[in-house]
Amino acid sequence: MHLHRYEKIWLSFGIFMLLGFMGIVGYQTFAMGMGPPSHKETIDPQKVETTAPFDEPGVKQIGDNEYEVVMILQAFGFTPGNIEVPVGAKVNFTMTSKDVIHGFQVADTNINTMVVPGHIQKISHTFNEPGEYLVICNEYCGAGHQAMATRIIVK
Ligand SMILES: [Cu+2]
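Cut-offs used in this document
Residues numbered from 1 in each chain as written. Predicted model: local features only at pLDDT ≥ 70, side-chain atom pairs only at ≥ 80, totals over all residues. Heavy atoms only, no water. Domains from an automatic or database assignment. Donors = N, O, S within 2.8 Å, 3.2 Å for Na, K, Ca; no water. Tetrahedral: all angles 85-135°; square planar, octahedral: opposite > 155°, others 65-115°. Helix = DSSP H or I, 4+ residues; strand = E, 2+ residues; numbered from the N terminus. Buried < 20%, exposed > 50% of the residue type's maximum accessible area, 1.4 Å probe, protein only. Phe/Tyr/Trp six-rings, centres within 6.5 Å; stacked < 30°, edge-to-face > 60°.

(A) Fine view of the domain arrangement of the protein chain. For the protein chain, the assigned domains are domain 1 (1-36) and domain 2 (41-154). Measuring from the centre of the C-alpha atoms in domain 1 to the corresponding centre in domain 2 gives 39 Å.

(B) Broad picture of the coordination of the copper ion. Protein coordination at the copper ion comes from His102 (ND1), Cys137 (SG), Cys141 (SG) and Met148 (SD), with a distance range of 2.1 to 2.3 Å. Of note is the copper ion, whose four donor atoms meet at the metal with angles of 97 to 120° in an arrangement that counts as tetrahedral. On the primary sequence, the residues serving as donors to the copper ion are separated as H-x34-C-x3-C-x6-M. In this pair, His102 is assigned in strand β6 (residues 102-106) and Cys137 in the loop between β9 (131-136) and β10 (149-154), connecting sequence segments 35 residues apart. The pair formed by His102 and Cys137 is uniform in burial state, with each residue classed as buried.

(C) How the structure looks around the packing of aromatic side chains. Under the criterion given, the structure shown has four aromatic pairs. Residues Phe127 and Tyr133 carry aromatic rings whose centres are separated by 5.0 Å and whose planes lie at 65° to one another, so their mutual orientation is edge-to-face. Across the pair, Tyr133 and Phe127 agree in class, each one buried. One aromatic cluster is present, formed by Phe78, Phe93 and Phe104 through successive ring pairs.

Below is the structure:
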């Protein structure tokens, strides 16, 4: 089989790119520990309100400048809603859903995650700018989906 010179260059370039991308993904996975959630933390979606920590949803101070927000998502709201956290504090969200798949997206931040019934979702963020952040559900969850929103007040 005869390969044209340009074909060889193009094939080598393609193989080089492929190996490069695989190398990057491998480095992120094994050296940096980045990867999709392990799904290790599960919960019975029918017993959310009697299972710790979701039996006490709310904002708790857990460190010097660190807060934990335990939040339940259900059609069509966030419990608790309109939470307040201090500016500059690290906020660890622990969330689950009681019914269907919901979304948790905070405008003007890079928080954007799915909240799946049966699973516990955790995400951390430090709010460095004071203000009111709009929180929306971005997974279509039923007839009232467009009304599913709340706010995070940072001051
Ligand atoms: Cu929703």
